[in-house]
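Fold and contact review
Take a look at the letters that make up each chain.
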Amino acid sequence: MSKPPQKRLYIKTYGCQMNVYDSERMADVLRPLGYALTDQPDDADLVVLNTCHIREKAADKVYSELGRIRRIKEIRAEAGRSTRIAVAGCVAQAEGEEIMRRAPVVDLVIGPQSYHRLPELIARTSRQLGERLAADFQPEDKFDRLPEERTVHGYSAFLTVQEGCDKFCTFCVVPYTRGAEFSRGPEAIEAEARRLADQGVREVTLLGQNVNAYMKEQDGGGLAALVRRLAKVPDLDRIRYTTSHPRDMDEALISAHAEVEALMPYLHLPVQAGSDRVLKAMNRGHTALHYLRLVEKIRAARPDIALSGDFIVGFPGESEADFEETLEVVREARYASAFSFKYSRRPGTPAAAMPGQVAEEVKAERLQRLQGLLEEQRQAFNRAMAGRTVPVLFERPGRYQGQIVGRSPYLQAVHAEAPERLLGQIVPVRISGAGSNSLAGSVELEAA
Ligand code: 5AD
Ligand code: SF4
């Protein structure tokens, strides 16, 4: 009996880590249908673009990529090979009909809550049937129907525990593309974590658009309880989570940072801006002082924590003085790493209609100043590691022969000359110095 012919699947992922997780799960859903992953789009029988809608630039990329894929589809068609093209993710959710209209090359459009339906949709795709499907929000269905099996790559994995957002920051599309906050049950999450650990995974990053709002409305102790529960899973040595909202950073979670060894000293806690007037217009629900006090409390619990954040410059109405308050917050909070963006006007969000839209040059200039300061802080944080010994989870071979690369507890990349048998192990490494994007060090003790 001959096996069914192998089909090739190419997935391109844009945007956040949740999309990375979703892309892996789409591959898991399609594997039983005979689809194996390829990194060559011209090899692919099925191309999936897993898209991001957060800023205009991210959304525009989809259409330019579709142009490229269309040419590939034509070349393959000349050779008698068919190619199906699916657009998934948040652009699919937000602009499904427009994609079908603007890009006839697309066979199907699928929103983030419907990936379990991919096999059925693929089976029926024809242009006529490929209407926009599954724009409804029912994450509970999705998680119940995804296969238990996950193919893991390496020793660190993402695990989605929460989706959606009820915060409605006035600049943000997420509440519209990902829907209301929904938390998966802790049993299902623990089971997924155990299976990952059985497959060799040593570190999980718990994902959610508002991960620290996990189980907020229900009994069960929120994210802190989940972290404590997962810390007991054998061989799961490291737990991270992202991304958090200052409003949901409760005492229990702060205490977990002091007490749970597996919880890594790294926290992504976006503030977005430093002026209270701007924060109010953003509907963030906190002031600059509230944020700084919170950081202080977290540092009291875990003094070495590496703080990370997101910033937006040029929000409507942001004056030079407002912007300087953002710089002031950065100076006080001290970041180990950060992401910063020019405000991007997103149709349908309240801020898009606000007066006082800031000129592009002004945004660019502010972004440059902010990034200069953040970069100084990042380098200072990295330089301060020199001479310290930190546990490193080695994840992959390095670029040079004899070199391997891993992550410090603070999420810094660390290179060391060490044998490949240390991959997948957590080993003490003495840091000798900091390059622009990574640390260098040497293994202190040979792991047994
Ligand atoms: N413009 C610029 N940045 C944005 N973000 C979200 N929406 C916008 C927007 N309209 C940023 C925020 C958020 C991160 C994921 O993206 O900083 O935390
Ligand atoms: Fe967007 Fe604000 Fe929700 Fe974060 S908290 S996803 S920025 S609306």
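Residues numbered from 1 in each chain as written. Chains lettered and ligands numbered in written order. Predicted model: local features only at pLDDT ≥ 70, side-chain atom pairs only at ≥ 80, totals over all residues. Heavy atoms only, no water.

Another aspect to go through is the overall build of the chain. Each helix and strand in the chain was counted, giving 13 helices and 18 strands. Taken against the 2.2 N^0.38 rule, which gives 22 Å for 448 residues, the C-alpha radius of gyration of the chain at 23 Å falls within 12% of a compact globule. A principal-axis box enclosing the C-alpha atoms of the chain has dimensions of 65 × 60 × 45 Å. Counting across all 448 residues of the chain, residues that qualify as buried make up 53%. Total accessible area on the chain is roughly 20000 Å²; 50% of this is exposed by carbon and sulfur atoms. Placing the 61 positive and 62 negative side-chain charges of the chain at their respective mean positions leaves the two points 3 Å apart. (Helix = DSSP H or I, 4+ residues; strand = E, 2+ residues; numbered from the N terminus. Rg over C-alpha atoms; globule rule 2.2 N^0.38 Å. Buried < 20%, exposed > 50% of the residue type's maximum accessible area, 1.4 Å probe, protein only. Areas by Shrake-Rupley, 256 points an atom, 1.4 Å probe, with all protein chains shown as cover. Lys, Arg positive; Asp, Glu negative; His and termini not counted. Charge placed at Lys NZ, Arg CZ, Asp CG, Glu CD.)

Here the amide bond leading from Thr-242 into Thr-243 is cis, since omega sits at 5 degrees, within 30 degrees of zero. For Thr-243, the position within the fold is in the loop between strand 10 (238-242) and helix 9 (251-259). For Asn-283, which is not glycine, the phi dihedral falls at a positive 60 degrees. Turning to its location among the elements, Asn-283 is positioned in the loop between helix 10 (276-281) and helix 11 (288-301).

On to the sheet that holds strand 10. The 3 strands are arranged 6-9-10 in an open sheet whose pairing can be described as parallel. Among the strands making up the open sheet, the edge pair consists of strand 6 (156-160) and strand 10. Within this sheet the neighbouring strands show an average axis-to-axis angle of 25 degrees, counted without direction. Relative to strand 9 (residues 203-207), strand 6 runs parallel, the two being bridged by 5 bridges. Following the sheet pairing, Ser-156 is matched in strand 9 by Glu-203. Contacts from helix 8 (residues 222-230) reach strand 9 and strand 10 within the one sheet, and its direction differs from that of strand 9 by about 160 degrees. (Pairing = 2+ DSSP bridges. Axes fitted to C-alpha atoms, helices over the stretch in contact; angles between N-to-C directions. Contact = heavy atoms within 4.5 Å.)

The residue Gln-403 is located in strand 15 (residues 403-407) in this model. The exposure class of Gln-403 is buried, given its relative accessible area of 15%. In this structure the side chain of Gln-403 is engaged in a polar contact, spanning 3.1 Å, whose partner is the backbone nitrogen of Arg-399. Aside from chain neighbours lying at most four places away, what touches Gln-403 is Pro-397, Gly-398, His-415, Ala-416 and Glu-417. (Polar contact = N/O pair within 3.5 Å; in protein donor to acceptor, adjacent residues only side chain to side chain.)

This part covers the domain arrangement of the chain. Annotation of the chain at the domain level lists domain 1 (7-136), domain 2 (141-383) and domain 3 (389-443). Inter-centroid distance (C-alpha atoms) of domain 2 to domain 3 is 26 Å. The interface of domain 2 with domain 3 comprises 16 residues on the first partner and 19 residues on the second. Carbon and sulfur atoms make up 57% of the surface buried where domain 2 meets domain 3, a total of about 1400 Å² over both sides. A per-residue breakdown of the area domain 2 buries against domain 3 is headed by Tyr-155, Arg-238 and Asn-382, which together make up 41% of the total. (Domains from an automatic or database assignment. Buried area = accessible area lost by both parts, 1.4 Å probe.)

Working note: a packed helix pair is described by the angle between its axes plus the distance between those axes. Packing of helix 2 (residues 56-78) against helix 3 (residues 89-102) brings their axes to within 12 Å, and their N-to-C directions diverge by 35 degrees. The way helix 2 lies across helix 3 gives a crossing that is right-handed. Of helix 3, the residues touching helix 2 (which contributes Ala-59, Val-62, Tyr-63 and Leu-66) are Val-91, Glu-95, Glu-98, Ile-99 and Arg-102. When the residues that make up the contact of helix 2 with helix 3 are grouped by side-chain class, the tally is 6 nonpolar, no polar and 3 charged. (Left-handed = near helix turned anticlockwise from the far one by under 90°. Nonpolar A, V, L, I, M, F, W, Y, C, P; charged D, E, K, R; others polar.)

Before going further, it helps to examine the environment of Leu-37. Inspection of the secondary structure assignment puts Leu-37 in strand 2 (residues 35-37). Note: C-alpha distance between Leu-37 and Cys-16 (21 residues apart in sequence) is 20 Å. With sequence-adjacent residues up to four places away left out, Leu-37 is seen in contact with Arg-8, Leu-9, Ile-11 and Ala-27.

Taken together, Cys-165, Lys-167, Phe-168, Cys-169, Phe-171, Cys-172, Val-174, Pro-175, Asn-210, His-245 and Arg-284 make up the full set of residues adjacent to ligand 2. Counted by class, the shell around ligand 2 contains 7 nonpolar, 2 polar and 2 charged residues. (Near = heavy atom within 4 Å.)

This part covers helix 13 (residues 360-383). A rise of 1.5 Å per residue sets the reference length of helix 13, with its 24 residues, at 34 Å; its end C-alpha atoms lie 34 Å apart and thus fit the reference within 8%. Along helix 13, the residues that are buried comprise Lys-363, Arg-366, Leu-367, Leu-370, Leu-373, Leu-374, Gln-377, Arg-378 and Asn-382. Of the surrounding secondary structure, the elements contacted by the buried residues of helix 13 are strand 12 (306-313), helix 12 (320-333), strand 13 (337-342), strand 17 (426-434) and strand 18 (439-443). (Expected span 1.5 Å × (residues − 1).)

All residues in the neighbourhood of ligand 1 are listed as Ile-54, Arg-55, Phe-171, Gln-272, Asp-310, Ile-312, Phe-341, Lys-342, Tyr-343, Ser-344 and Arg-346. Gln-272 is positioned such that a nitrogen or oxygen atom in its side chain is 2.6 Å from an oxygen atom of ligand 1. Coverage of ligand 1 by the protein amounts to 87% of the 400 Å² it exposes when considered alone. Classifying every residue of the shell around ligand 1 gives 5 nonpolar, 2 polar and 4 charged.

In this section: the pattern of salt bridges. Summed over the entire model, instances satisfying the criterion amount to 40 salt bridges. Residue Arg-150 is joined to Glu-24 by a salt bridge in which the shortest nitrogen-to-oxygen separation is 2.9 Å. Taken as a pair, Arg-150 in the loop between helix 5 (139-145) and strand 6 and Glu-24 in helix 1 (residues 17-30) lie far apart in primary sequence, 126 residues in all. The salt bridge involving Arg-150 is made with Glu-192; its shortest N-O contact spans 2.9 Å. With Arg-150 in the loop between helix 5 and strand 6 and Glu-192 in helix 7 (residues 186-198), this pair connects stretches of sequence that are 42 residues apart. An identical accessibility class is assigned to Arg-150 and Glu-192; each is buried. One connected set of salt bridges, linked through shared partners, spans Glu-24, Arg-25, Asp-28, Arg-31, Arg-150, Arg-184 and Glu-192. (Salt bridge = Lys/Arg side-chain N within 4 Å of Asp/Glu carboxyl O.)

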